[in-house]
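Given next are the chains, with one letter for each unit.
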Amino acid sequence: MEKVIEIQHLSKSFGTHEVLKDIDFSVQKGEVVCVIGSSGSGKSTLLRCINLLEKPSGGKIIYNGENILDDRHDIHAYRTKLGMVFQQFNLFNNHNVLNNCVVGQVKVMKRRKEEAEKVAIKYLNVVGMDQYVNAKAQQLSGGQKQRVAIARALSMEPDVMLFDEPTSALDPEMVGEVLKVMKDLAKSGLTMLIVTHEMEFAKEVADRVVFMDKGVIVEEGPPEQIFNQPQKERTREFLKRTL
Ligand code: ADP
Ligand code: MG
């Protein structure tokens, strides 16, 4: 199996607060990994370290056989290979849907506008938002905004998609449409690392579930193991509280 990203001994502190402690883990090509755990356990910080929105305090992030935390590494090229979807969408609200999916391609990937538009429409179609190319982002519902945000990330054709609680900011009636899109993407073979509170989704879609608590990976394994036969007391306690 080919590893897309491998993390070794990753640590992150904010001042004296050690938020990630000696994290080892990897994502294989085509794999869907769901990260679960209580609020404050370090899930977002882990994703933010992986895409270098936060600078790790120690450890290695291996991508294409190289430690991208080495000073001489081209961080810019690495970051374009990671698609990120946030809880709060982060769209340009006064731009239309198409432009939201084009800007990054033109600015970062140096694609021509016409080509970028073609690619954007392809992925807006994948998320079922191609009918809305001319709508302003601010006119959309939360679920529609998040689907556009997913199309925007896909338009960069990343090696792996990172999702940080993509449905947590949505009204309950809109959660389903976003999870449906993510399920379809998972089936299509996309490599995905997803922080989520949606346990039913994780059960159904994940190849592997990672349970984090207080900055460490307590347990990881196939969903059947984590949800039906957790090996660790901390995992059992967490699941008792959430399920
Ligand atoms: P989760 O996503 O699992 O809820 P986070 O990664 O957001 O957890 O946060 C883990 C811990 O790190 C929390 O205690 C949080 O307060 C702290 N933390 C996160 N970001 C920062 C920051 N920029 N500065 C200081 N502390 C932070
Ligand atoms: Mg978080």
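About the thresholds
Residues numbered from 1 in each chain as written. Chains lettered and ligands numbered in written order. Predicted model: local features only at pLDDT ≥ 70, side-chain atom pairs only at ≥ 80, totals over all residues. Heavy atoms only, no water. Pairing = 2+ DSSP bridges. Helix = DSSP H or I, 4+ residues; strand = E, 2+ residues; numbered from the N terminus. Axes fitted to C-alpha atoms, helices over the stretch in contact; angles between N-to-C directions. Contact = heavy atoms within 4.5 Å. Core = buried A, V, L, I, M, F, W, Y, C linked by side-chain atoms within 4.5 Å. Buried < 20%, exposed > 50% of the residue type's maximum accessible area, 1.4 Å probe, protein only. Near = heavy atom within 4 Å. Areas by Shrake-Rupley, 256 points an atom, 1.4 Å probe, with all protein chains shown as cover. UniProt positions renumbered as here; feature names shortened; annotations may be inferred. Parallel < 35°, antiparallel > 145°, perpendicular 65-115°, else oblique. Left-handed = near helix turned anticlockwise from the far one by under 90°. Nonpolar A, V, L, I, M, F, W, Y, C, P; charged D, E, K, R; others polar. Phe/Tyr/Trp six-rings, centres within 6.5 Å; stacked < 30°, edge-to-face > 60°. Lys NZ or Arg CZ within 6 Å of the ring centre and 35° of its normal. Expected span 1.5 Å × (residues − 1). Arc of directions from axis to C-beta.

## Here we look at the sheet that holds strand β10 (residues 216-221)
Backbone-to-backbone hydrogen bonds pair the strands of a sheet. The strands run either parallel or antiparallel. The 6 strands are arranged β6-β7-β8-β3-β9-β10 in an open sheet whose pairing can be described as mixed. In the strand order of this sheet, the two ends are held by β6 (82-85) and β10, each with one partner. The sheet shows a mean angle of 20° between the axes of neighbouring strands, taken without regard to direction. As paired strands, β6 and strand β7 (residues 160-164) are joined by 4 bridges and run parallel to one another. Paired with V85 across the strands is F163, a residue of β7. Packing against the sheet, helix α5 (residues 142-155) makes contact with β6 and β7, and its axis sits at approximately 170° to β6.

## Points about the pairing of strand β4 (residues 58-63)
Bridge count between strand β1 (residues 3-14) and β4: 5 bridges; the pairing is antiparallel. Directly across from E6, in β4, lies its bridge partner I62. Bridge analysis of β4 against strand β5 (residues 66-67) gives 2 bridges, and the strand direction is antiparallel. Bridge pairing in β5 links I62 to N67. Between β4 and β5, which pair antiparallel one after the other, the connecting turn spans 2 residues, and N64 there sits at a positive phi close to 50°.

## A look at the nonpolar core
Counting residues in each nonpolar core, the largest one holds 53 residues, and the members touching the most others are I36, L124, I150, M161, M182 and M192. Per-element accounting of this core gives the leading share, 8 residues, to helix α6 (residues 172-187). Sequence-distant contacts of I150, defined by excluding residues within four places in its chain, comprise V85, V127, M161, F163, V178, V181, M182 and L185. F25, L46, C49 and V195 belong to the second-largest nonpolar core, a separate cluster that totals 27 residues.

## What to know about the site of ligand 1
Taken together, F14, H17, V19, S38, S39, G40, S41, G42, K43, S44, T45 and E54 are the residues near ligand 1. Relative to its free-state accessible area of 560 Å², ligand 1 is covered by the protein chains to the extent of 59%. Those elements that place two or more of their residues in the shell around ligand 1 are β2 (17-28) and α1 (43-50). Counting residues per element, the shell around ligand 1 draws most heavily on α1, which supplies 3 residues.

## Digging into the sheet that holds β1
Strand order in the open sheet formed by 4 strands is β2-β1-β4-β5, and the pairing between neighbours is antiparallel. A strand with exactly one partner marks an edge of an open sheet, and here the two such strands are β2 and β5. Here α1 sits on the sheet in contact with β1, β2 and β4, set at roughly 120° to β1.

## Section: the UniProt feature "domain: ABC transporter" (unreviewed entry) in the protein
Per the UniProt record, "domain: ABC transporter" (unreviewed entry) is found at residues 5-239. With 38% helix and 26% strand, the stretch residues 5-239 has end C-alpha atoms that lie 28 Å from each other.

## Quick notes on the packing of helix α3 (residues 97-107) against α5
The interhelical angle for the contact between α3 and α5, taken along N-to-C directions, is 30°, at an axis separation of 8 Å. Comparing their axes, α5 and α3 come out roughly parallel. Of the two possible hands of crossing, α3 and α5 adopt the one that is right-handed. Residues V97, N100, C101 and Q105 of α3 touch α5, and the partners they reach there are V148, A151, R152 and S155. Residue composition of the contact of α3 with α5, grouped by class: 4 nonpolar, 3 polar and 1 charged.

## A closer look at the packing of aromatic side chains
Under the defined criterion, the tally for this structure stands at 2 aromatic pairs. Aromatic side chains Y63 and Y78 sit 5.2 Å apart centroid to centroid with 70° between the ring planes, which places their arrangement in the edge-to-face category. Residue Y63 is located in strand β4, and its partner Y78 is located in helix α2 (residues 75-80); the two are separated by 15 residues in the primary sequence. In this pair, the class of Y63 matches that of Y78, namely buried. Positioned above the aromatic ring of F227, the side-chain terminus of K203 is 5.6 Å from the ring centre.

## Quick look at α6
Every α-helical turn comprises 3.6 residues, leaving residues that sit three or four positions apart pointing alike. For α6, with 16 residues, the first-to-last C-alpha span of 24 Å sits near the 22 Å given by 1.5 Å per residue. Those residues of α6 that sit buried are M174, V175, V178, L179, V181, M182, L185 and A186. Summarising the axial view, the buried residues of α6 lie within an arc of 155°, below the 170-degree limit, and thus occupy one face. Exposed residues lying more than 90 degrees from the buried face of α6 are E173 and K187. Where α6 is buried, its residues meet β3 (32-36), α4 (113-126), α5, β7, β8 (192-195) and α7 (199-205). Phi turns positive, to about 100°, at G189, one or two residues after α6.

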